[in-house]
Amino acid sequence: KINVILDCDTGIDDALAILLALRSEKINLVGICACAGNTVLKNAYINSKRMVKLLDREDIPVICGSRGPLVRSLELADEVHGSDGFGGIGESFDQKYGFDLAKAEAEYEKALIEDDVVEFVKDTVEKYEDVVLVTIGPMTNLAKTLKKYPESFAKLNRIVSMGGSYKRGGNVTEHAEFNYWVDPDAADYVYKNSPVKVEMVGLDVTHQILLTRERLETLKQLNPHLGGFIEEITDFYFGFYMEKNGIAGCVMHDPLTFAHIIDDDILSGEAICIGIDTSDEKRGNSFKEDGKENSLVFIDADEDRFFEVLNEAIRK
Ligand code: BDR
Ligand code: CA
């Protein structure tokens, strides 16, 4: 199995990424590091807890990370993920699946004081040999870890990042993608200083993977319980993509990182040098520049293959 630390700002597609990771026989998820982004840290933490409860994997630690970007103020994505970051189904989820919100809130307060994501990553890299770091939110936690423990960071086997856009254009501004736009200083720091190449799963490829109503039906047939959950949590997401983008489906940004780890024939791309713009005008833009190849940027995605992986993971 592949040991993975997941760093996430648990909104809707992050939740689906957790679901895919926990259902895959190839992945050993050793910890979930929460960070603010789509939603505030507390929601990212609680939503991650909801997912480990749903998948009956409460043994997996959820660690509290950054409450906001390195230097800028936090900008949320409520219109994409709902004010609870869980597509507005948090309350009904808790009732339906017996999630104890009061307990999770108390745990969050404790975790805020005790947790240190940077130490967790360092210890995990020392404990396991090959660790893949998957990052599907702003790179704040990563930048902090790389700054404090560059030698431990260098021991990571791979870094797979959902973020950025190479040729397609952005989803927050004309060119910037949300995760890199929220904390461009963190992304810039990681791309400039990481001794491990960043595999960039950006909008170029995530927009090639659409969960349509038809594909959702297949998931429900394969597994009514989990398919039913996916239907509930994506309802808001379907609405957002239709109203704001005219797209009849949900873009599977974050789950694509895990599908790529599970089946490395889904994505193809090229090794280049990626820079991240930290100016106010072009905040968060990811662009090709001259320099050492610090990234493997993906350009093409095989949508059918992605759904084969997802269907297989969901199958009862
Ligand atoms: C990214 O931003 C968030 O809204 C999603 O969870 C994904 O990580 C897409 O730009
Ligand atoms: Ca995310």
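Scroll up to find the structure this text is about.
Quantities reported herein were computed from a predicted structural model and do not represent experimental measurements.

Trainee: What am I meant to see in the pattern of salt bridges here?
Mentor: Note on pairing: side chains with opposite charge can pair once their charged atoms come close. In the structure shown here, the tally under the stated rule is 23 salt bridges. The residue D263 makes a salt bridge to R305 at a minimum N-O spacing of 2.6 Å. Of this pair, D263 sits in the loop between α14 (255-262) and β9 (267-272) while R305 sits in helix α15 (residues 303-314), placing them 42 residues apart in sequence. Since its relative accessible area comes to 14%, D263 is described here as buried.

Trainee: In this structure, what is going on with the coordination of the calcium ion (ligand 2)? I would like to understand it.
Mentor: Octahedral metal centres with six donors ideally show angles of 90 or 180 degrees, and tetrahedral centres with four donors ideally show 109.5 degrees. The coordination sphere of the calcium ion (ligand 2), as far as protein atoms go, consists of D9 (OD), D14 (OD), D14 (OD), I136 (O) and D254 (OD), spread over 2.3 to 2.7 Å. Each donor residue of the calcium ion (ligand 2) belongs to the same chain, and together they define the spacing D-x4-D-x121-I-x117-D. Exposure class is identical for D9 and D14. Each is buried.

Trainee: Where do I start with the sheet that holds strand β5 (residues 158-162) in this structure?
Mentor: One key point about sheets: their strands pair by backbone hydrogen bonds, in either a parallel or an antiparallel sense. Within the open sheet, the 8 strands sit side by side as β3-β2-β1-β4-β5-β6-β12-β9. Their pairing is mixed. Looking at which strands have only one partner, the edges of the open sheet turn out to be β3 (62-64) and β9. For this sheet, the mean inter-axis angle between neighbouring strands, taken without regard to orientation, is 25°. Judged from the 4 bridges that link them, β5 and strand β6 (residues 198-201) form a sheet pairing that is parallel. By the bridge assignment for β6, S161 is matched with M200. This element, helix α1 (residues 12-23), spans β1 (2-8) and β2 (27-34) of the sheet and lies at about 155° to β2.

Trainee: Got a minute to help me understand the site of ligand 1 in this structure?
Mentor: By nearness alone, every residue bordering ligand 1 is listed as D13, D14, N38, H81, I136, M162, N171, E177, F178, N179, H253 and D254. One nitrogen or oxygen atom from the main chain of I136 is found 3.0 Å from an oxygen atom belonging to ligand 1. N179 is positioned with one of its side-chain polar atoms (N or O) 3.0 Å from an oxygen atom of ligand 1. In the complex, 97% of the free accessible area of ligand 1, which totals 280 Å², lies under the protein chains. For the shell around ligand 1, a count of residues per class yields 3 nonpolar, 5 polar and 4 charged.

Calculation notes
- Residues numbered from 1 in each chain as written.
- Chains lettered and ligands numbered in written order.
- Predicted model: local features only at pLDDT ≥ 70, side-chain atom pairs only at ≥ 80, totals over all residues.
- Heavy atoms only, no water.
- Salt bridge = Lys/Arg side-chain N within 4 Å of Asp/Glu carboxyl O.
- Helix = DSSP H or I, 4+ residues; strand = E, 2+ residues; numbered from the N terminus.
- Buried < 20%, exposed > 50% of the residue type's maximum accessible area, 1.4 Å probe, protein only.
- Donors = N, O, S within 2.8 Å, 3.2 Å for Na, K, Ca; no water.
- Pairing = 2+ DSSP bridges.
- Axes fitted to C-alpha atoms, helices over the stretch in contact; angles between N-to-C directions.
- Contact = heavy atoms within 4.5 Å.
- Near = heavy atom within 4 Å.
- Polar contact = N/O pair within 3.5 Å; in protein donor to acceptor, adjacent residues only side chain to side chain.
- Areas by Shrake-Rupley, 256 points an atom, 1.4 Å probe, with all protein chains shown as cover.
- Nonpolar A, V, L, I, M, F, W, Y, C, P; charged D, E, K, R; others polar.

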